[in-house]
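Take a look at the letters that make up each chain.
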Amino acid sequence: MSTRGTFHVVVVGAGPSGLIAAETLAVLGAQVTVLEPHRSPGRKFLLAGRSGLNLTHSEPLGQLLERYERGSCSALVRRAVAEFPPSALRAWSTDLGEAATVGSSGRVFPKSWRATPLLRAWLMRLAELGVSASTGSRLVGIDCRTGDGHSVVLQVARTGRVEGTGRVEQMTADAVVLAMGGMSWPTTGSDGGWRQMLLDEGVHIAAFRAANAGVVVDWSEVFRCRYEGVAIKHVSVSGGPTGDVVVTHSGLIGGPIYTISSQIDGPTCLPVDLRPDDSVEKLAGRLANSRAGDSLTSRLRKIGLSEVASGLVIECGGRDIVRSPQILAQFVKAVPVAVTGTEGVRRAISVSGGVEARSLDEQLMLRTLPGVFVAGEMLDWDAATGGYLLQACFSTGVAAANGAFDWLTRASPK
């Protein structure tokens, strides 16, 4: 083991959990190396920021902590978020030149609303702190049973520029923080390829399944061609919170869908409320004022439905839908969208499953691999969209880093 104050810690994964762990350790005085299988860091972080980087949420901390109730690691995640709460994350973003902005829904974004400026400033800070990055490096093996009993030996595959080439090297560290992501969007590096490596070391891992995912709908060709990529504004799905959903080639995506996607296990019918702020009686009264010759689209326009929302009514009910004001109003309040399932793990915003709590101590260290800590989506927890996911990724990254440094300090000779 290195002498106290010069610990060498390897962080595996250059997503938000890994990078914040690297920063935390470097500030504490450790020498930090970040391994990343791709040629550039933060790929999933950048993907998350394409439509606005939702860092966290502005609701009271007690209420926010209740969002982390699912998964065996939920208690560990809540503890991490309490120790590195939204206020700390917002201050961190502001310190990097991206002051936090609270949207109308309470969600928190950097002032540019994008991930790129924040990541650029972050990487500059890490370089100034002396953090070294080794891209094109994939962890393929890990061993804590060699050397002096404290060192962690890593087997690292260095990717060649030509597919199929490369070499495997050995690297030794005083401690390791694993932040390799879950299993969604594998092109960003979050491919779950680490599972077998940890299973072989006796780590308990819950199966991955889609948590925040779009749903699959067999649209008619007419509806698909006309409305693919169009948002249906301010709707509620299955009585959940309101928000926007977007028509895709294969179904629907968006916050109201993600909220209930983990409950979908096969074909079902989702009731979509296109006018969540209006009662059936109010809508029926407005529909009753339509003229006898009005088309269905014209009648739906009178109650404030957009073209795409009216299209959804026709898609799911047909043009010959009963035109009684009361029945039509009831239909608009619960349009039955037939879904065949969810888009699956690889296209999900996030996944549930991962390293189970029984394999970790309170500082997020693996019980069977002393000196190896786990953070982010590798852990078995689940959170709704709305900033809760990124918040927990940052918080567990900080917790794992602090846990690693504390463990090293206690293990080091005085």
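Throughout what follows, the structure given in this document is the object of discussion.

Brief notes about the overall build of the chain
Thought 1: Looking only at helices and strands, the chain has 14 helices and 20 strands in total.
Thought 2: On the principal axes, the C-alpha backbone points of the chain span a range of 90 × 40 × 40 Å.
Thought 3: Looking at the chain as a whole, 54% of its 414 residues are labelled buried.
Thought 4: As displayed, the chain has an accessible area near 17,700 Å², and 51% of this comes from carbon and sulfur atoms.

Focus on the nonpolar core
Thought 1: Residues Leu-25, Trp-122, Leu-198 and Phe-394 are the most contacted members of the largest nonpolar core, which totals 89 residues.
Thought 2: Per-element tally for this core: the top contributor is helix H14 (residues 388–411), with 14 residues.
Thought 3: The contacts of Leu-25, once residues within four sequence positions are left out, are Val-9, Val-11, Ala-30, Val-32, Val-177, Ala-401, Ala-404 and Phe-405.
Thought 4: One finds Ile-264, Val-280, Val-308 and Val-313 within the second-largest nonpolar core, a separate group that totals 38 residues.

Here's the deal with the packing of aromatic side chains
Thought 1: Scanning the entire structure with this criterion turns up 12 aromatic pairs.
Thought 2: Ring geometry for Trp-219 and Phe-223: centres 4.6 Å apart, planes at 40 degrees, overall tilted.
Thought 3: Note on Trp-219: relative accessible area 3%, which makes it buried.
Thought 4: Connected via pairs of aromatic rings, a cluster forms that spans Phe-45, Trp-92, Trp-122 and Phe-394.

Describing the packing of helix H5 (residues 86–95) against helix H6 (residues 116–128)
Thought 1: Contact geometry of H5 with H6 gives a least axis separation of 10 Å together with a crossing angle of 85 degrees. The angle between the axes of H5 and H6 places the two elements in the roughly perpendicular class. Facing Trp-92, Ser-93 and Asp-95 of H5, the residues of H6 in contact are Leu-118, Trp-122 and Arg-125.
Thought 2: For the contact of H5 with H6, the class distribution of residues is 3 nonpolar, 1 polar and 2 charged.

Description of the pattern of salt bridges
Thought 1: Under the criterion given, the structure shown has 16 salt bridges.
Thought 2: The shortest N-O distance in the salt bridge between Arg-125 and Asp-95 comes to 2.6 Å. Placement of Arg-125 in helix H6 and of Asp-95 in helix H5 is noted, with a sequence separation of 30 residues between them.
Thought 3: Linked through salt bridges whose partners overlap, the residues forming this network are Arg-275, Asp-278, Lys-282 and Arg-286.

Topic: helix H13 (residues 325–333)
Thought 1: All of the buried residues along H13 are Leu-328, Ala-329, Phe-331, Val-332 and Lys-333.
Thought 2: For H13, the elements touching its buried residues are strand S16 (268–273), helix H10 (280–287), helix H11 (296–302), helix H12 (307–317) and strand S17 (335–339).

Considerations on the environment of Gly-293
Thought 1: With respect to the helices and strands, Gly-293 occurs in the loop between H10 and H11.
Thought 2: Remark: the alpha-carbon pair of Gly-293 and Val-32, spanning 261 residues in sequence, is separated by 73 Å.

With respect to the sheet that holds strand S4 (residues 100–102)
Thought 1: Taken in spatial order, the 3 strands line up as S3-S5-S4 in an open sheet, and their pairing is antiparallel. Looking along the sheet, the strands with just one partner apiece sit at the ends: strand S3 (56–57) and S4.
Thought 2: Note: S3 against strand S5 (residues 107–110), 2 bridges, orientation antiparallel. For Thr-56, the partnering residue across the bridge sits in S5 and is Val-108.

Reading the values: rules and limits
- Residues numbered from 1 in each chain as written.
- Predicted model: local features only at pLDDT ≥ 70, side-chain atom pairs only at ≥ 80, totals over all residues.
- Heavy atoms only, no water.
- Helix = DSSP H or I, 4+ residues; strand = E, 2+ residues; numbered from the N terminus.
- Buried < 20%, exposed > 50% of the residue type's maximum accessible area, 1.4 Å probe, protein only.
- Areas by Shrake-Rupley, 256 points an atom, 1.4 Å probe, with all protein chains shown as cover.
- Core = buried A, V, L, I, M, F, W, Y, C linked by side-chain atoms within 4.5 Å.
- Contact = heavy atoms within 4.5 Å.
- Phe/Tyr/Trp six-rings, centres within 6.5 Å; stacked < 30°, edge-to-face > 60°.
- Axes fitted to C-alpha atoms, helices over the stretch in contact; angles between N-to-C directions.
- Parallel < 35°, antiparallel > 145°, perpendicular 65-115°, else oblique.
- Nonpolar A, V, L, I, M, F, W, Y, C, P; charged D, E, K, R; others polar.
- Salt bridge = Lys/Arg side-chain N within 4 Å of Asp/Glu carboxyl O.
- Pairing = 2+ DSSP bridges.

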